[in-house]
Amino acid sequence: MAQNGLASRLYNGEAGLNIVGRRKLWFGVAGVLVLIAILSFSIRGFSLGIEFAGGNSFQVPASVGTLDDAEREVNSALAAENTGIEVVTAQKVGGTGGDSYELRTGQLSAEQATAVKAQIAEDLGIDEGQISNNQVSEAWGSQVTERAVLGLVIFIALVMVYLILRFEWRMAVAAVSSLIMNLLLTAGIYSLVGFEVTPSTIIGFLTILGFALYDVVVVFDKVQENTRGITANNNQTYGEAANLAVNQSLMRSLNTSVVALLPVGGLLFIGAGLLGAGTLKDLGLVLFVGMAVAFLTSILVATPLLALLKNYDPRIQAHNKRVLTRRGAIARGEVTGKGAASPVQADVTEEPLDPDAAALAGAAPKVGARPAGKRPTGARGGRPGGGGNRPGGAKRR
């Protein structure tokens, strides 16, 4: 019984999940999520770190107490100097001189930063030299963003060229669309939840593109294998062959994603969460979210979009019509059901055919059948009983 369970059928590619056939559902859900992400970009925006928004950071020794104690004292010093600014983020960081707390604030003038630093040292009862103060201009973040966008454009261009040479242009379009959707959805989660965007976040965004591309190529390689020479037979449509490929590669993609998410999850939840390594949070967060989204988009978006694009190919349209015409003839008993599609394939719903499809299905002749009409009678299938000119053709008395 266990051998027929869902896990076993998934592993063997026999689960029969109708993924390509339900592409309208996946496209609808993806469209809604992308719309929500775009609205979040427009309304909420992003929570930018001081590298992008500009600001100051103060580092104090961890020996002064807890992180909450340090944040409270810094806020008190900012209020005492009438800056009107509060601590934006606070995290524990390690260094050669021991652990310390890094507290980031909004933009301060040089005079305000000096006064706040002196007030913090007085409130904490430590020497002013133990506190470091750094000012970051938003121009640095702008340069990082420009370089990241340039790198993204170059990456997508190279991916398009590679996929066109390795597969075809339709697969390239489907794969790049999946990558862009992956970026939009991951960025949308950042905007909605209010995660801080730092240079580590930008690096993480560029990193998940490579993982997402790998996941798509794994699925498309199986699709290409299943659809190679598909027009030479009338057993399955392109969408059915693509759906079978998704079922066959689903477990592999799932295993790859789980194995990749485990160390990233450890980096995020254990390193940043339990151990308080705040510098790991930004990178671990974007990798975890992006890899999870990449698995879903490669299965639910990339392959169904590929099947949709291929159905506009006249050669594939004609092939799909022949397959459905033959299947209709089999259902009426006009053609033997030899080589019928498997359950994984037969569940896939293709796009409706043109109005002549039904008529073609009804008029399809049985393979090997003689033309319609009354067959001549005779001893040898229509030949006259007498032998004619053949020796011994005369009737014996």
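Reading guide: rules and limits
- Residues numbered from 1 in each chain as written.
- Predicted model: local features only at pLDDT ≥ 70, side-chain atom pairs only at ≥ 80, totals over all residues.
- Heavy atoms only, no water.
- Helix = DSSP H or I, 4+ residues; strand = E, 2+ residues; numbered from the N terminus.
- Buried < 20%, exposed > 50% of the residue type's maximum accessible area, 1.4 Å probe, protein only.
- Contact = heavy atoms within 4.5 Å.
- Areas by Shrake-Rupley, 256 points an atom, 1.4 Å probe, with all protein chains shown as cover.
- Pairing = 2+ DSSP bridges.
- Axes fitted to C-alpha atoms, helices over the stretch in contact; angles between N-to-C directions.
- Salt bridge = Lys/Arg side-chain N within 4 Å of Asp/Glu carboxyl O.
- Expected span 1.5 Å × (residues − 1).
- Left-handed = near helix turned anticlockwise from the far one by under 90°.
- Core = buried A, V, L, I, M, F, W, Y, C linked by side-chain atoms within 4.5 Å.

Can you tell me about the overall build of the protein, naming the residues and giving the values?
Along its length, the protein carries 13 helices and six strands. Scored against the burial criterion, the 397 residues of the protein give a buried share of 41%. Considering only intrachain contacts with a sequence separation of at least 6, the fraction spanning at least 24 residues in the protein is 78%. Element-wise, carbon and sulfur atoms account for 59% of the exposed surface of the protein, whose accessible area totals about 21,500 Å².

Before we move on, could you go through the sheet that holds strand β3 (residues 87-93) and cite the residues and values that matter?
Pairing is antiparallel in the open sheet, where four strands are placed in the order β3-β4-β2-β5. Every interior strand has two partners, whereas the edge strands, β3 and β5 (132-136), have only one. Strand after strand, the sheet turns through a mean of 20 degrees between neighbouring axes, direction not considered. Pairing of strand β2 (residues 55-61) with β5, which is carried by five bridges, proceeds in the antiparallel orientation. Each residue of the ladder has a partner; that of Q59, found in β5, is S132. The strands touched by helix α4 (residues 67-80) within the sheet are β2, β3 and β4 (100-105), with β3 carrying the most contacts at an inclination of about 145 degrees.

Tell me about the pattern of salt bridges, and please be specific about residues and values.
Evaluated as defined, the whole model comprises seven salt bridges. The closest approach of N and O atoms between R166 and D221, which form a salt bridge, is 2.5 Å. Of this pair, R166 sits in helix α6 (residues 138-166) while D221 sits in helix α8 (residues 199-227); the two residues are 55 residues apart in sequence, bridging distant segments of the chain. Here E240 makes a salt bridge to R327, at a shortest N to O gap of 2.7 Å. Residue E240 is located in helix α9 (residues 238-274), and its partner R327 is located in helix α11 (residues 314-331); the two are separated by 87 residues in the primary sequence. Residue E240 is classed as buried on the basis of its relative accessible area of 1%. Take R327: its relative accessible area is 26%, and that puts it in the partly exposed class.

For helix α5 (residues 110-124), give the residues involved together with the corresponding values.
Relative to the 21 Å expected for 15 residues at 1.5 Å per residue, α5 spans 21 Å between its end C-alpha atoms, a close match to the ideal helical length. The set of residues buried in α5 consists of A113, V116, K117, Q119, I120, A121 and L124. Summarising the contacts, the buried residues of α5 are in contact with β2, α4 and β5. A positive backbone phi angle near 70 degrees is found at G125, which sits one or two residues after α5.

Break down the packing of helix α7 (residues 169-193) against helix α10 (residues 281-310) for me, citing the residues and quoting the values.
Packed helices, taken two at a time, are described by the angle their axes make and the gap between the axes. Running from amino to carboxyl end, α7 crosses α10 at an angle of 145 degrees, the nearest separation of the two axes being 7 Å. As for the relative orientation of α7 and α10, their crossing is right-handed in sense.

So what's going on with the nonpolar core? Which residues, and what values?
Ranked by size, the top nonpolar core spans 50 residues in total, and within it L163, M171, F220, V223, Y238, I299 and L306 carry the most contacts. Among the secondary structure elements, those contributing two or more residues to this core are α6, α7, α8, α9 and α10. When residues of this core are assigned to their parent elements, the largest contribution, 12 residues, is made by α8. One finds V60, V116, I120 and A121 within the second-largest nonpolar core, a separate group that totals 19 residues.

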